[in-house]
Amino acid sequence: MIQRTLGTRTNAQLRTAVAPKPERRSGQFAWRPLYVGGKSKVRWVRRCAVPGLVLMDWFTSTGNLASIAGLVVTAFALYYARSAREAAREARKAVRKANASEALDRIGDTANLLQSCVENDLQHEAVVRARDLVSDVSRYRLRYDRFLDANSKTRLDEARGQISVISRSLATRGVPATAAEKNRLLKICHEEVVTVLNEESARIVAAIEKEDE
Amino acid sequence: MPNYEPLIDKLIAKSEAGTLPWKPTFDENTFIVALEGEVTFEVTRLEDGGFEFTMKDKDGKKIIDMTSHNVPHYSEEYVEGDRYYDKIGRLFEAARIIGLEVDKKLNVAESLLDKF
């Protein structure tokens, strides 16, 4: 296209289009107006300019291709970065869920332990477990507050109250002496503490899993 | 000491109306009720005849911790909590009736007696 354009131009047009401005410089390689040389110089310029312009075209095309390749690479990089971020988020959620399950399982275990201490007349151990349980319930009640509805909170508060009374009674009076009293204690331990804590723990884990979905 | 009277009056009214779910504990003389996971009330009849009344917040911190005995106000042993003795006594009785389902059991007993 450039060649064709050059071909159709008149000498006068070429003089103005191709020839650099006259410049006064001393030395061997100083630029001079092309039209000074006449028609042969114009032909020479045409012979040099045309391959130069083809070379420019090639550079432009290569540059364009490089830009497209860069764009593709950037798109891939973005895609993989997003995948990595999602994977990291998933891993974080899994760890959080595992931690919650472990922590809530521990509450259930402590409650079961308290019950077995009472069953085996281990007064001091039972008092320690009861105190552990009171502080565990308080801690998890705060930690998982957003997963608990009013009913769950009420049940946990009642369970904490029951454990508190049991703890006080064990500390001051010891393990119940009569079978009837012991049965009553075990019944309260089972129904009002162990069952409630296990149920609410399972509910919290389910809520965490549901949130992840 | 802050004035606990309006709170205790309201608790008594609701308990006597049977709308508060008081629950028995291992200690036969202690009853507890938790409200909406915000506050927990506990009322205990002591062995010396006095009463203990506690209110805890959701973190388990004691907001009210009061012991009340039947001591006349002119006595040297009189403390501020003793002025609530009668009211906490009434509250304990209402809590006991709800917690042990006294009315229901009395009806069962009457029904059984009718059979004889």
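Residues numbered from 1 in each chain as written. Chains lettered and ligands numbered in written order. Predicted model: local features only at pLDDT ≥ 70, side-chain atom pairs only at ≥ 80, totals over all residues.

### Comments concerning the overall build of chain A
1) Next: Each helix and strand counted, chain A has 6 helices and 0 strands in total.
2) Next: Ordered by position from N to C terminus, the α and β elements of chain A give α-α-α-α-α-α.
3) Next: Across the 213 residues of chain A, 22% fall into the buried class.
4) Next: Of the contacts formed within chain A by residues at least 6 apart in sequence, a portion of 69% connects residues at least 24 apart. (Helix = DSSP H or I, 4+ residues; strand = E, 2+ residues; numbered from the N terminus. Buried ≥ 20, exposed ≤ 12 C-beta atoms within 10 Å, placed from the backbone. Contact = placed C-beta atoms within 7 Å.)

### Considering the sheet that holds strand β2 (residues 30–35) of chain B
All names here are of chain B.
1) Next: Ordered in space as β1-β2-β3-β4-β5, the 5 strands form an open sheet in which the pairing is antiparallel. This sheet does not close on itself; its edge strands, each paired only once, are β1 (23–24) and β5 (62–68).
2) Next: Here 6 bridges tie strand β3 (residues 39–45) to strand β4 (residues 51–56), and the two strands are oriented antiparallel to one another. Opposite V43, over in β4, you have F53 as the bridge partner. (Pairing = 2+ DSSP bridges.)

### Quick notes on the packing of helix α1 (residues 5–16) of chain B against helix α2 (residues 85–99) of chain B
All names here are of chain B.
1) Next: Interaxial distance between α1 and α2 falls to 9 Å at its minimum, and their mutual angle equals 30°. With respect to each other, α1 and α2 are oriented roughly parallel. When you trace α1 past α2, the crossing you get is left-handed. Seen from α1, the contacting residues are I8, L11, I12, S15 and E16; seen from α2, they are K87, I88, R90, L91, A94, A95 and I98. (Axes fitted to C-alpha atoms, helices over the stretch in contact; angles between N-to-C directions. Parallel < 35°, antiparallel > 145°, perpendicular 65-115°, else oblique. Left-handed = near helix turned anticlockwise from the far one by under 90°.)

### Remarks on the nonpolar core
1) Next: Ranked by size, the top nonpolar core spans 29 residues in total, and within it L114, A130, I166, C189 and V193 of chain A carry the most contacts.
2) Next: Among the secondary structure elements, those contributing two or more residues to this core are α3 (39–119), α4 (123–143), α5 (150–173) and α6 (179–212) of chain A.
3) Next: It is α6 of chain A that provides the largest number of residues to this core, a total of 8 residues.
4) Next: Excluding its chain neighbours within four sequence positions, the residues that come into contact with V193 of chain A are A111, A159, Q162 and I163 of chain A.
5) Next: Membership of the second largest hydrophobic core comes to 19 residues, among which are I8, F53, A94 and A95 of chain B. (Core = buried A, V, L, I, M, F, W, Y, C linked by C-beta atoms within 7 Å.)

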